[in-house]
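Residue-level listing of the chains:
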Amino acid sequence: MSKSLEDVIVMGRHPVPVETMAPNPDTLVAGNPVQTLANHYSSADNRFHVGTWGSEPGRWRVNYTEHEYCKLLRGKVILHDLAGNRLTLAPGDDFIIPAGFRGEWETVEACEKLYVIYQA
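The rules we used
Residues numbered from 1 in each chain as written. Predicted model: local features only at pLDDT ≥ 70, side-chain atom pairs only at ≥ 80, totals over all residues. Heavy atoms only, no water. Helix = DSSP H or I, 4+ residues; strand = E, 2+ residues; numbered from the N terminus. Rg over C-alpha atoms; globule rule 2.2 N^0.38 Å. Contact = heavy atoms within 4.5 Å. Areas by Shrake-Rupley, 256 points an atom, 1.4 Å probe, with all protein chains shown as cover. 1 Å grid on protein atoms, 1.4 Å probe; cavity = no way out; pocket = protein on both sides within 12 Å on 5 of 7 lines; lining within 4 Å. Points joined across faces, edges and corners; volume = space filled by probe spheres on them. Polar contact = N/O pair within 3.5 Å; in protein donor to acceptor, adjacent residues only side chain to side chain. Buried < 20%, exposed > 50% of the residue type's maximum accessible area, 1.4 Å probe, protein only. Pairing = 2+ DSSP bridges.

Trainee: Sorry, what's going on with the overall build of the chain here?
Mentor: Within the chain, the secondary structure is distributed over zero helices and nine strands. Of the regular secondary structure in the chain, the N- to C-terminal order runs β-β-β-β-β-β-β-β-β. A globule of 120 residues ought to have a C-alpha radius of gyration of about 14 Å, and the chain, at 15 Å, matches this closely. Overall size of the chain, expressed as C-alpha extent along the three principal axes, is 50 × 30 × 25 Å. Once local pairs closer than 6 in sequence are excluded, the contacts in the chain between residues at least 24 apart make up 63%. Total accessible area computed for the chain in this model is approximately 7400 Å², and 54% of it derives from carbon and sulfur atoms.

Trainee: When you look at the layout of surface pockets in this model, what are you seeing that I'm missing?
Mentor: Here the largest pocket is characterised by a volume of approximately 510 Å³. As for the largest pocket, its lining consists of 22 residues, of which Trp53, Tyr64, Glu66, Glu68 and Ile117 are closest to the centre. Those elements giving two or more residues to the lining of the largest pocket turn out to be strand 3 (35–42), strand 4 (48–55), strand 5 (58–63), strand 6 (66–81) and strand 9 (102–119). With five residues, strand 9 is the single largest residue contributor to the lining of the largest pocket.

Trainee: Before we go on, may I ask you to explain the side chain of His40 in this structure?
Mentor: Among the secondary structure elements, His40 is positioned in strand 3. Separated by 3.3 Å, the side chains of His40 and His14 make a polar contact. Leaving out residues up to four positions away in the same chain, His40 has contacts with Ile9, Met11, His14, Val16, Val50, Gly51 and Thr52.

Trainee: I keep staring at unusual backbone geometry and nothing clicks. Help me out?
Mentor: The bulk of non-glycine residues show a negative phi, and the bulk of peptide bonds are trans. For Asn46, which is not glycine, the phi torsion reads 60 degrees and is therefore positive. With respect to the helices and strands, the residue Asn46 is situated in the loop between strand 3 and strand 4.

Trainee: Could you clarify how one ought to interpret the environment of Val116 in this entry?
Mentor: Following the sequence through the fold, Val116 ends up in strand 9. Taking the C-alpha atoms as reference points, Val116 and Ser42, separated by 74 residues in sequence, lie 9.9 Å from one another.

Trainee: Hey, could you run me through the pairing of strand 5 in this one?
Mentor: Along a regular strand, successive side chains alternate from one face of the sheet to the other. A one-sided burial pattern is seen for strand 5, the buried positions being Gly58, Trp60 and Val62 and the unburied ones Arg59, Arg61 and Asn63. As paired elements, strand 2 (residues 28–31) and strand 5 share three bridges and run antiparallel to each other. Bridge pairing in strand 5 links Gly31 to Gly58. Pairing geometry for strand 5 and strand 9, over six bridges, is antiparallel. From the neighbouring strand, Val62 faces strand 9, where its bridge partner is Gly103.

Here it is as structure tokens:
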């Protein structure tokens, strides 16, 4: 099926509803990280997604079943793996979290990221 310019999404010009949520209480480690999600695109098979996500400070356990590319737009984040290693991320950092990553996501300063997700 052929697509046209009407199918192109320019995220800053494409208004979408913003959802507010919190991590599953069973995964919460610290804080009250209110989160926002603005999903700009999902593929027909619901395996590919693009949007923006933000969080207030807090820390919670994560278990990635998807591959995720992120670009941190603002704030400060620390990823913790199960071996006790830490990765500090700052605005402008591009990073990929592979499916199978388990650990903790810590929002140190309120953050916003651009995400591209592929569900394997």
